[in-house]
Amino acid sequence: MRNIIVCINPLDGIQSMIPPMLFRYRSCNELSLQALWDDKIWLSKGNVMNDDYDALLYFDKAKITAHVLQAINEFSRFTSGKVSWEELPQVVQRFFPREVLCQMRESVAHITAKDMETYLRHFEAFSQNAIKAYSPKISVLTQNTLKFACFSDTITSANMWGHYASSSTGFSIGYNFRGFPYVDSVGEGNSELPTRCELFPIIYQSRRYDATPYAEWLLICSLVNDYFKTFSSQGNILDAAKILPCPDMLAPIKIMIHKSTEWKSEHEWRLMGTFATPALLSEEHTFVKKKASAIYLGRKISPIYARLLLDIAREKRIKAAPRNCVFESQPPFYPTSAVPKMGNIAQPLPAQAGLRMRHTPRGYTKYSGGFKPWLVPKSLSECSCRLHVSLLL
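Below is a short write-up of the structure. (Residues numbered from 1 in each chain as written. Predicted model: local features only at pLDDT ≥ 70, side-chain atom pairs only at ≥ 80, totals over all residues. Heavy atoms only, no water.)

### Some details on the nonpolar core
Piece 1. The biggest cluster of nonpolar side chains holds 45 residues, and the ones touching the most others in it are L57, F96, Y214, W217 and L244.
Piece 2. Where this core is concerned, the elements lending two or more residues are α3 (61–79), α4 (90–95), α5 (98–107), α6 (113–139), α9 (212–231), α10 (240–243) and α11 (251–257).
Piece 3. Looking at which element gives the most residues to this core, the answer is α9, with 9 residues.
Piece 4. With 41 residues, the next largest nonpolar core counts I41, I253, V288 and I312 among its residues. (Core = buried A, V, L, I, M, F, W, Y, C linked by side-chain atoms within 4.5 Å. Buried < 20%, exposed > 50% of the residue type's maximum accessible area, 1.4 Å probe, protein only. Helix = DSSP H or I, 4+ residues; strand = E, 2+ residues; numbered from the N terminus.)

Right, dumping it as structure tokens:
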């Protein structure tokens, strides 16, 4: 009897949560119209988003400093033979596997105990200075490298029409991402280079996502690499990211999908791209090919732009909704008891305020409640982690 191996696609869990339609609100300008005509969705870095904390890496610098100094002292005891690897604290074992520490011990075997102690004290001072120097660079690393495109699962949000469609003078594009291949041609200069894209719902929290273990790993990899470059007797060059286990391969994704509850009314989903070449990474904006499924016109869109969009829809055989079709009934007032606040802007919830959606996507909370970020393929997250280490060198 043959053994049958069943392969389960980890994306199936997220695919089942994707709404029938996701919406991208746009202003009426040449770039937006050209992207619609070319079937392009442009991905941008977090540092150009309107949320200053978007994809910004948050970590506890004091905790990292304490762990690094502890690791240095334990390394001194390990190289002198006072303790075995099994007796080292868990924080040291987590970042330094047995074979790594043994390799480091062999590389310094020719150094006397006195010289080793002097070196470690210098390295301790170097590490503290390095943490201070690297911290600002690490904090913006994910914000300056991760690229994504933003969508909403609602078409009836007055807040979204006001903020992202130029006060309803723009339009919204509907996309059906169910069954999206997630591998497509991208790039400004070379459209033949592939990338991998994944779609995630945003998780809204009052506290920022703590990525201290990931930032600690980035820093330790940099310190170990510097050590082998400077003090190895054989002049070995070590890629620490390949041998030191990353504590969380999904950290870049988790950083990108966490936002403050102040943005909860946007009901956001994000299309994240991972790029295999430095050329694609260096681009400020990169596109993914995806044809629109529907076009919605803003209530105050100008006649000329309305005509252009309807002509594009007709030419590309895209469903187009005329102005005012989204709101089948206009309420006389907003129910103030259910209006969330952000600054001085009142935002009515779509299910309230007497609005009925013409194309009704399922509720956001229904999708986000079952989201499991650990289902993401390792290849996507591993590429981002190794990339971040290389950028610190």
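### Some thoughts on the packing of aromatic side chains
Piece 1. In total, this model carries 7 aromatic pairs according to the counting rule given.
Piece 2. Each ring, one from Y175 and one from F177, has its centre 5.8 Å from the other, and the planes form 35°; the classification is tilted.
Piece 3. Clustering of aromatic rings is evident, with ring pairs tying together F151, Y175 and F177.
Piece 4. The ring of F151 is capped by R24, whose NZ or CZ atom sits 5.5 Å from the centre of that ring.
Piece 5. The positively charged end of K259 is found above the aromatic ring belonging to W263, 4.6 Å away from the centroid. (Phe/Tyr/Trp six-rings, centres within 6.5 Å; stacked < 30°, edge-to-face > 60°. Lys NZ or Arg CZ within 6 Å of the ring centre and 35° of its normal.)

### Some points on the layout of surface pockets
Piece 1. Space inside the largest pocket adds up to approximately 850 Å³.
Piece 2. In this structure, the largest pocket is lined by 34 residues; those nearest its centre are R24, Y25, R26, W42 and S44.
Piece 3. For the lining of the largest pocket, the secondary-structure elements that each account for two or more residues are β1 (22–26), α2 (30–37), β2 (40–45), β3 (147–152), α8 (158–164), β4 (171–175) and β9 (268–275).
Piece 4. In terms of residue count, the dominant contributor to the lining of the largest pocket is β3 (5 residues).
Piece 5. Its residues placed into classes, the lining of the largest pocket shows 17 nonpolar, 8 polar and 9 charged. (1 Å grid on protein atoms, 1.4 Å probe; cavity = no way out; pocket = protein on both sides within 12 Å on 5 of 7 lines; lining within 4 Å. Points joined across faces, edges and corners; volume = space filled by probe spheres on them. Nonpolar A, V, L, I, M, F, W, Y, C, P; charged D, E, K, R; others polar.)

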